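One letter stands for each residue in the lines below.
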Amino acid sequence: MELRQIQYAVAVAEELHFGRAAERLLVAQPSLSRQIRELERDLGVELFQRTSRHVRLTAAGAAFLDEARRILAAVDAGREAAVDAAAGRRGAVALGFVASAAIQILPHLVRRQSRARPGVRLTLKEMTTEEQVAALNDGAIDIGLSRDLEPQEGISVSTVVREPLLAVVPTSHPLHQRRAVDFRDLAESPLVPLPRRRVPRAWDRLVVLAHDSGTRLRFAQEANQFATLLALVAAEVGVAVVPASVRALRHDGVHYLRLRDKGAWTDVCTVVREDNASPTARDLQTVVQELTQ
């Protein structure tokens, strides 16, 4: 029994006419009749009663028709599933993301992905940029949203958005009424940073800003999360430098200032292994880039 024969039998059963079934299938009627006879011979039963004027289903034909339709529907579903999987519209994908990307980019990304790709199961894992590199190499994630990652051997890095860095000062700070400052204007206040072991690239950026502005870095209390960092600034422990997206957290007692320094920026990047052939990972990377354009 061949799939073609099943398709032919369903067409004849629905048309109850060999000529119309042949036209519908775009095949010659003698070829259609021959395939139906071979199918009946293979099954050992007659599917159709034929006269010079009528074609009728036998009891065996009616029973066969129900199963044949299910077979063809399953074949169509299988074909659609294969095409969707190859295009990244079905399957699973694991995304690693830095905490700051969760403030603005991640909510829009998850919402858009779930609506556009309901057949893809998305797993989210918060991790630092360094943890993402290790997770990519281990296969624990398929794609990452990182910050300021330099090119890595075997890992493709694509910048999706460049964010300005902002200074955050308490509302009691002498600079709080200004809209923009240079990094050297912060020299009189200690900085409240995230831990260096977690965000070494953010620390490196501070070092560069301090060097280029001719100032020295002084640090106060570290904070593990941006919410804690803002609370410490509001408590006048010190000032901070954060990506512009952190402003969306909205915390009383702090004021944001644009940094005018040339190097006051940070890149959000997508990272994937160059040998990752997962269509869902490549598709999600495209969704991220479209979202941030």
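Residues numbered from 1 in each chain as written. Predicted model: local features only at pLDDT ≥ 70, side-chain atom pairs only at ≥ 80, totals over all residues. Heavy atoms only, no water.

1. Some points on the overall build of the chain
Turning to step 1, where the next piece is worked out: Counting secondary structure elements, the chain contains nine helices and 10 strands.
Turning to step 2, where the next piece is worked out: Overall, the chain is about 105 × 40 × 25 Å in size when its C-alpha atoms are taken along their principal axes.
Turning to step 3, where the next piece is worked out: When the 293 residues of the chain are sorted by exposure, 44% land in the buried category.
Turning to step 4, where the next piece is worked out: Taking the contacts inside the chain whose residues are at least 6 apart along the sequence as the reference set, 72% of them involve residues at least 24 apart.
Turning to step 5, where the next piece is worked out: Total accessible area on the chain stands at roughly 15700 Å², and carbon and sulfur atoms take up 49% of it.
Turning to step 6, where the next piece is worked out: Side-chain charges of the chain comprise 39 positive and 36 negative groups, with the mean position of each set lying 4 Å from the other. (Helix = DSSP H or I, 4+ residues; strand = E, 2+ residues; numbered from the N terminus. Buried < 20%, exposed > 50% of the residue type's maximum accessible area, 1.4 Å probe, protein only. Contact = heavy atoms within 4.5 Å. Areas by Shrake-Rupley, 256 points an atom, 1.4 Å probe, with all protein chains shown as cover. Lys, Arg positive; Asp, Glu negative; His and termini not counted. Charge placed at Lys NZ, Arg CZ, Asp CG, Glu CD.)

2. Here's the deal with the side chain of Gln35
Turning to step 1, where the next piece is worked out: Assignment of secondary structure puts Gln35 in helix H3 (residues 29–43).
Turning to step 2, where the next piece is worked out: Not counting residues within four places of it along the chain, the set of residues in contact with Gln35 comprises Arg4, Gln5 and Tyr8.

3. Section: the pattern of salt bridges
Turning to step 1, where the next piece is worked out: Applying the stated criterion across every chain yields a total of 20 salt bridges.
Turning to step 2, where the next piece is worked out: Between Arg69 and Glu14 there is a salt bridge whose closest N-O contact spans 3.2 Å. In this pair, Arg69 sits in helix H4 (residues 59–87) while Glu14 sits in helix H1 (residues 3–15), placing the two residues 55 residues apart along the sequence.
Turning to step 3, where the next piece is worked out: By relative accessible area, Arg69 is classed as partly exposed at 39%.
Turning to step 4, where the next piece is worked out: For Glu14, a relative accessible area of 36% corresponds to the partly exposed category.
Turning to step 5, where the next piece is worked out: Ionic pairing is found between Arg162 and Asp267, a salt bridge with its closest N-O pair at 2.8 Å. Taken together, the residues Arg162 in strand S6 (residues 155–170) and Asp267 in strand S10 (residues 265–273) connect sequence positions 105 residues apart.
Turning to step 6, where the next piece is worked out: Shared partners join several salt bridges into a network, and the residues in it are Glu14, Glu15, Arg20, Arg24 and Arg69. (Salt bridge = Lys/Arg side-chain N within 4 Å of Asp/Glu carboxyl O.)

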